[in-house]
Every structure is written in structure tokens, then in C-alpha cells.
Amino acid sequence: MAVDGAPQRVTRRRVRTRARLLDAAFTVFAAKGFGRVSIEEVCEAAGFSRGAFYSNFATLDELFFALYRDRADLIAQQVADALALDGPGLDVPASVDRVTEVLLLDVDWLLVKTDFLVHAARDAAVAEALLDHRARLRRAIADRLSRAPLPAVLGDADAAAHAVVAAYDGVTTQLLLDRDVAGARAWLGQLLTALLTDGGAPTGSTGPAPQ
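The rules we used
- Residues numbered from 1 in each chain as written.
- Predicted model: local features only at pLDDT ≥ 70, side-chain atom pairs only at ≥ 80, totals over all residues.
- Heavy atoms only, no water.
- Helix = DSSP H or I, 4+ residues; strand = E, 2+ residues; numbered from the N terminus.
- Buried < 20%, exposed > 50% of the residue type's maximum accessible area, 1.4 Å probe, protein only.
- Areas by Shrake-Rupley, 256 points an atom, 1.4 Å probe, with all protein chains shown as cover.
- Axes fitted to C-alpha atoms, helices over the stretch in contact; angles between N-to-C directions.
- Parallel < 35°, antiparallel > 145°, perpendicular 65-115°, else oblique.
- Contact = heavy atoms within 4.5 Å.
- Nonpolar A, V, L, I, M, F, W, Y, C, P; charged D, E, K, R; others polar.
- Arc of directions from axis to C-beta.
- Left-handed = near helix turned anticlockwise from the far one by under 90°.
- Core = buried A, V, L, I, M, F, W, Y, C linked by side-chain atoms within 4.5 Å.
- Expected span 1.5 Å × (residues − 1).
- Polar contact = N/O pair within 3.5 Å; in protein donor to acceptor, adjacent residues only side chain to side chain.

Q: Looking at this model, I keep getting lost on the overall build of the chain. Mind explaining?
A: On a plain count of helices and strands, the chain comes out with 9 helices and 0 strands. Its helices and strands in sequence order give the chain the pattern α-α-α-α-α-α-α-α-α, from N to C terminus. By residue count, 42% of the 211 residues in the chain fall in the buried class. When the accessible surface of the chain is summed, it comes to about 11,000 Å², and 57% of that surface belongs to carbon and sulfur atoms.

Pasting the structure below:
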């Protein structure tokens, strides 16, 4: 039993260490900005040594990708779960209402993501990896949109998914400025409903257009 149990304990401890490093990095990145944070600061915030960091991540970029992947996967799952409630078909207005109600709109995360987008824009290798992560979200959306009639101007489900993500990016950029989460949800719902239903009237609550 001891031999069988030891690797499991080590694995659980490493999982906890990794999770604490990710949580600490998120807090420090949000407060100071990516590119202004050192490995030592992340370790101090997590209560670990540099050795603990390097046993889990080679660089701060790698740590950020782990953060980004966790949240990209969360957003993709939120979208997929909300859209899956329609069964074989897809009621676009109702699905938009559900998606905008549960979708992650976190200002701290948006601050971290925006900092890293700027970093990626200056580094082709980082940009390539970041684009790969973003493609996961688009694939999850396109899979569900393929079951619904879409406005001809959007083309196929893949193109529609790109438009949906672009709308999300635009609304979240505004959210960084006005910090109005409720307004962002309402405006995103309006945009997505108009986009995916040939300009049909949005359902659910409405809010003012961003300033």
C-alpha cells in the first residue's frame, strides 16, 4: 500500500502546488501587469521557492499559457453547456440569453489577458501559441452554430464563430474602461442576437450602448 500510495500523494501535492502558483500569478499579474512581474514575486505570493516554480513551469510565459488555457477552457465549456440545452436544434435568441448570463466577464482576467495580448503582438512564437488557444473557443462555438440557420452574410459556422468572438472581444474592451459588468452582458446579448439572427430584435434585458 505504501508503494502504491506514495506516487498518488506526490501527484496530489504537485497539483496543489501548481494551482497555488497559478492563483498567485493571476493576482500579481492583475495588480501589476504582465511583463512587470518577476518569478520571485509569483513565488513569494504563493509561498513557494523558485524550485517549486521551476518544477512546474519553465518560464512566466508558460505559466501564463496555463492560466489562459484554464480560462479559455472554462469559457468554451460555459458556451457549450449553455448551447447544449437546446438539444439537436438551436434556438439562437434563447441560447444568446443563456450564454450572456453565465459567460465569464472578469475585469482582473481581462487586464491580464490584454497585457499578454500586447506581449504576444511583439513575439511571433507567443502569438502562435495564443492563437491556438483562442481557436479552441471558436471551435466550440462553431460546433453548436452549425445546427442553426445563419445570416448569409456570415457564411459558414466557422466564420460566424469568428464574428461571435470578435463581438466578445469588443464588449470586453469596453468593460475594461467602464467596469459595467451588467451593461456588458446586456450589450453583448444585443450584439450577438443581431449578428446571428439577421438583425432580429434582441431578447431579454437591454442596456444602453457603450459610450
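Having seen the structure, we can now continue with the description.
Q: Would you mind showing me how to read the packing of helix α4 (residues 60-84) against helix α7 (residues 124-145) here?
A: A packed helix pair is summarised by two numbers, namely the angle formed by the two axes and the spacing between the axes. At a closest axis distance of 9 Å, the pairing of α4 and α7 adopts a crossing angle of 10°. On the basis of the axis angle, α4 is roughly parallel to α7. Contacts from D61, F65, Y68, R69, A72, D73, I75, A76, V79, L83 and A84 in α4 reach V126, A129, L130, H133, R134, R136, L137, A140, I141 and R144 in α7. Residue composition of the contact of α4 with α7, grouped by class: 14 nonpolar, 1 polar and 6 charged.

Q: What's the story with helix α5 (residues 92-102) in this structure? I'm lost.
A: The α-helix advances 3.6 residues per turn, and as a result positions three or four apart in sequence lie on the same side. For α5, the set of buried residues is V92, S95, V96, V99 and T100. Mapping the buried residues of α5 onto a view down its axis gives an arc of 125°, with all of them on the same face. The inward-facing, buried residues of α5 contact α4 and α9 (181-196).

Q: It is not clear to me how the packing of helix α8 (residues 157-178) against α9 should be interpreted in this structure. Could you clarify?
A: Taken N-terminus to C-terminus, the directions of α8 and α9 make an angle of 155°; their axes are 10 Å apart at the nearest point. Relative to α9, the element α8 is oriented roughly antiparallel. α9 is crossed by α8, and the crossing has right-handed handedness. In this structure, α8 uses A160, A163, V164, A167, Y168, V171 and L175 to contact α9, whose residues at the interface are V181, A184, W187, L188, L191, L192, L195 and L196.

Q: So what exactly am I meant to see when it comes to the nonpolar core here?
A: The nonpolar side chains of a soluble globular protein tend to be buried, and buried together. Within the largest apolar cluster, 65 residues are counted, with the highest numbers of intra-cluster contacts made by F29, F53, L63, F64, V79, I141 and L196. Contributing elements (two or more residues each) for this core: α1 (2-32), α2 (39-46), α4, α5, α6 (107-121), α7, α8 and α9. Looking at this core, the element that brings in the most residues is α4, giving 13 residues. Leave out the neighbours within four places in its chain, and L63 touches L21, L22, A25, F29, V42, F53 and F57.

Q: Teacher, can you tell me more about the environment of A45 here?
A: Looking at where A45 falls in the secondary structure, it is placed in helix α2. Along the sequence, A45 and T27 sit 18 residues apart, while their C-alpha atoms lie 8.5 Å from each other. With residues up to four places along the chain from it excluded, the contact list for A45 reads A24 and V28.

Q: Help me out: how do you make sense of the side chain of K113 in this one?
A: Its location among the elements puts K113 in helix α6. Classification of K113 by relative accessible area gives buried; the value is 7%. When neighbours within four sequence positions are excluded, K113 is seen to be in contact with F64, Y68, Y168 and D169.

Q: Whenever I open this one, unusual backbone geometry confuses me. Can you help?
A: Backbone geometry follows two general trends: most residues other than glycine have a negative phi, and most peptide bonds adopt the trans configuration. Positive phi, close to 55°, is recorded for R179, a residue that is not glycine. Within the secondary structure layout, R179 lies in the loop between α8 and α9.

Q: Looking at this model, I keep getting lost on α8. Mind explaining?
A: Over its 22 residues, α8 runs 32 Å from end to end, which matches the ideal 32 Å to within 8%, given 1.5 Å per residue. Measuring from the side-chain oxygen of the N-cap residue of α8 to the backbone nitrogen of D158 gives 3.3 Å; that N-cap residue is D156. Two residues or fewer past α8, R179 is found with a positive phi of approximately 55°.

Q: Sorry, what's going on with the side chain of R134 here?
A: Within the element layout of this structure, R134 appears in helix α7. Given the relative accessible area of 17%, R134 is considered buried. Dropping the residues within four chain positions of it, R134 is found in contact with Y68, V165 and D169.

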